[in-house]
Amino acid sequence: MASELGLEGIQLDIGSYERGFPLSRPSIQKAYVEYAKKYNITITSLAVRELDRHGMTRKDGTVEKEIAVEAILKAISAAEAMNIPIVMLPSFEDGEIKTDRDFQRVVNCLKMACEEAEKKNIIIATENLLSIEETKQLFNLVNKPNLRLYFDTQNYHLRRNYNVASMVEELFPYICEIHVKDGRDGHMSGALLGEGDSGFFETMEVLREKNYSGWILLENYYDLRPLSLEGDDPIELLRRDISILKTQVLYSNG
């Protein structure tokens, strides 16, 4: 489907602890690699969304932290086996960084992940809600050459009311890959690209000025309200976002 829609890459997820981290299984890895090759789709990165349920902020020695570490290590091994260059470690929901203690626990976890991934020539990408200064502090404390920032065009505005374009200006050297989504009135992914209140086009213009050449991954939820109310078919909404991205952002004049 991705190939038929004119897309060129996808991001995968390691899966949940309860289901045994499905992408860690060789048979599933083999299937994805074979089909990606068949349809000329690049697997750009591998996410560990389980960290939204069992965060890196959890105390060492707890069951939750053990699950988080297991998920990270399984993802790094899967990325190596599938030749995926980036493992994304989010810090949202259960893993959101809210206190100094949370911050230090995430620093320690990212150090561990970077050390393990460095042996395999894999980038560890942190996706979080930190401010510009907090992000720079995080990178200084982890102090690993394979740590990068996974940037999102709505999260910072939605959760922290930060100016996203300004964040790109300051944090661009750290960015390795980008999620694009939009929304309005406090809804995550509640609008097609550029039709929300996150300043999407301004953000993308800064990326253009910075000559960003990495992957851009669509992350709008076309089958969920309120975005699904924009049309009867989620696939058609996806097509509209692809058109917006290609005609108004990637290949527009100006």
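Residues numbered from 1 in each chain as written. Predicted model: local features only at pLDDT ≥ 70, side-chain atom pairs only at ≥ 80, totals over all residues. Heavy atoms only, no water.

Go over the layout of surface pockets with me, naming the residues and quoting the values.
The volume enclosed by the largest pocket comes to roughly 1300 Å³. In terms of lining residues, the largest pocket is bounded by 49 residues, among which Gly-9, Ile-216, Leu-217, Leu-218 and Glu-219 are the most central. Listed by contribution, the elements that provide at least two residues to the lining of the largest pocket are strand S1 (9-13), strand S3 (86-90), helix H5 (155-160), helix H7 (200-209), strand S7 (216-218) and helix H8 (234-250). The element contributing the most residues to the lining of the largest pocket is H8, with 8 residues. In terms of residue class, the lining of the largest pocket is built from 28 nonpolar, 8 polar and 13 charged. (1 Å grid on protein atoms, 1.4 Å probe; cavity = no way out; pocket = protein on both sides within 12 Å on 5 of 7 lines; lining within 4 Å. Points joined across faces, edges and corners; volume = space filled by probe spheres on them. Helix = DSSP H or I, 4+ residues; strand = E, 2+ residues; numbered from the N terminus. Nonpolar A, V, L, I, M, F, W, Y, C, P; charged D, E, K, R; others polar.)

How would you explain the packing of helix H6 (residues 164-171) against H7 if you had to name every residue and give the values?
With their axes 8 Å apart at the nearest point, H6 and H7 run at an angle of 20° to one another. If you check the angle between H6 and H7, you find them roughly parallel. Like other packed secondary-structure pairs, H6 and H7 cross with a definite hand, here right-handed. Counted together, Val-164, Ala-165, Val-168 and Glu-169 of H6 and Glu-202, Thr-203, Val-206, Leu-207 and Glu-209 of H7 form the full contact between these two elements. Considering only residue class, the contact of H6 with H7 consists of 5 nonpolar, 1 polar and 3 charged. (Axes fitted to C-alpha atoms, helices over the stretch in contact; angles between N-to-C directions. Parallel < 35°, antiparallel > 145°, perpendicular 65-115°, else oblique. Left-handed = near helix turned anticlockwise from the far one by under 90°. Contact = heavy atoms within 4.5 Å.)

Describe the sheet that holds S3, with residues and values.
If you walk across this open sheet you meet the 7 strands as S1-S2-S3-S4-S5-S6-S7, and the pairing is parallel. Lying at the two open borders of the sheet, with one neighbouring strand each, are S1 and S7. Mean inter-strand twist for the sheet, computed between neighbouring axes without regard to direction, equals 30°. On top of the sheet, H6 reaches strand S5 (147-152) and strand S6 (175-180); it is set at about 160° to S5, its chief contact. (Pairing = 2+ DSSP bridges.)

Just give me the short version of the packing of aromatic side chains, but keep the residues and values in it.
Per the counting criterion, the structure on display carries 6 aromatic pairs. Ring plane angle 80° and centroid distance 6.4 Å describe the contact between Phe-172 and Tyr-212, whose orientation is recorded as edge-to-face. Note that Phe-172 is positioned in the loop between H6 and S6 and Tyr-212 in the loop between H7 and S7, a separation of 40 residues in sequence. A relative accessible area of 17% places Tyr-212 in the buried class. (Phe/Tyr/Trp six-rings, centres within 6.5 Å; stacked < 30°, edge-to-face > 60°. Buried < 20%, exposed > 50% of the residue type's maximum accessible area, 1.4 Å probe, protein only.)

I'd like a rundown of H6, residues and numbers included.
Listed in full, the buried residues belonging to H6 are Val-164, Ala-165, Met-167, Val-168 and Leu-171. The arc that holds the buried residues of H6, viewed along the axis, is 160°, so those residues lie on one side. Lining the buried residues of H6 we find helix H4 (132-142), S5, H5, S6 and H7. If you check the start of H6, you find a side-chain oxygen 3.2 Å away from the backbone N of Ala-165, and it comes from Asn-163. (Arc of directions from axis to C-beta. Polar contact = N/O pair within 3.5 Å; in protein donor to acceptor, adjacent residues only side chain to side chain.)

Could you give me a rundown of the pairing of S3, with the residues and numbers involved?
In terms of burial, S3 is a largely internal element, 5 of the 5 residues being buried. On S3, burial covers both faces: Ile-86, Met-88 and Pro-90 on one face and Val-87 and Leu-89 on the other are all buried. Of the crossover connections in this fold, the one passing from strand S2 (residues 42-47) over helix H2 (residues 63-82) to the parallel S3 is right-handed. Pairing between S3 and strand S4 (residues 123-127): 5 bridges, direction parallel. By the bridge assignment, Leu-89 is partnered in S4 with Thr-126. For the handedness criterion, the β-α-β arrangement of S3, helix H3 (residues 100-118) and S4 is classed as right-handed. (Right-handed = clockwise from strand over helix to strand, strands pointing away.)

Describe the pairing of S5, naming the residues involved and giving the relevant values.
Burial within S5 is extensive, with 5 of its 6 residues counted as buried. Strand direction decides the pairing type here: S4 and S5, joined by 3 bridges, are parallel. Paired with Ala-125 across the bridge in S5 is Arg-148. Running through H4, the crossover from S4 to the neighbouring parallel element S5 is right-handed. In this sheet, S6 lies alongside S5 in parallel orientation, the contact comprising 4 bridges. From the neighbouring strand, Leu-149 faces S6, where its bridge partner is Ile-175.

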